[in-house]
Amino acid sequence: MSDPLAPLLNLTYEEAGGCWGLAARAAQIMGLVLPESPEDALARRTALGTVVDGRAPARGDLVVFDDADGRADHVGIMVDRFRVLHASSSAGVLLQRLEHVAAAHPIRSRVRLEAQS
């Protein structure tokens, strides 16, 4: 991946700040706005962007995944139409095809993040 996001692939889960921390770092590199933590988003009542569930994935889309009980428990950020960058507590930062990640964590939603102003 010859991309400004490439250095993120060398990070451990902890170095990345977990899945949300990684998504926030990647969003910043891409010039997109994502609060540093989900708590920040809730505390500020920040709208993250536009829900784009019915559209084709695009670079910079935040993907929210569910656990087996249907609770949102994981996020990643699309680097292109097919691949998502996400952090795994057991494997570190990964770049995988979206359908591979979705096989383990069903997709709850995709949000098109806003550009930094």
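Quick look at the structure, then. (Residues numbered from 1 in each chain as written. Predicted model: local features only at pLDDT ≥ 70, side-chain atom pairs only at ≥ 80, totals over all residues. Heavy atoms only, no water.)

## Some words on the sheet that holds strand β1 (residues 49-51)
An order of β1-β6-β2-β3-β4-β5 is seen for the six strands of this open sheet, with the pairing classed as antiparallel. Taken across any chain shown, the strands that pair with only one partner, and hence form the sheet edges, are β1 and β5 (92-97). Going across the sheet, the axis of each strand differs from the next one's by a mean of 30 degrees, ignoring polarity. Pairing of strand β2 (residues 61-66) with strand β3 (residues 72-78) involves five bridges; the strand directions are antiparallel. By the bridge assignment, D66 is partnered in β3 with A72. (Pairing = 2+ DSSP bridges. Helix = DSSP H or I, 4+ residues; strand = E, 2+ residues; numbered from the N terminus. Axes fitted to C-alpha atoms, helices over the stretch in contact; angles between N-to-C directions.)

## Looking at helix α2 (residues 18-29)
An ideal rise of 1.5 Å per residue puts 16 Å on 12 residues; α2 measures up with 17 Å between its terminal C-alpha atoms. Burial of α2 is extensive: nine of the 12 residues sit out of reach of the surface. G18, C19, W20, G21, L22, A23, A24, A26 and A27 are the residues of α2 that are buried. G31 lies just past α2 and shows a positive phi near 80 degrees. (Expected span 1.5 Å × (residues − 1). Buried < 20%, exposed > 50% of the residue type's maximum accessible area, 1.4 Å probe, protein only.)

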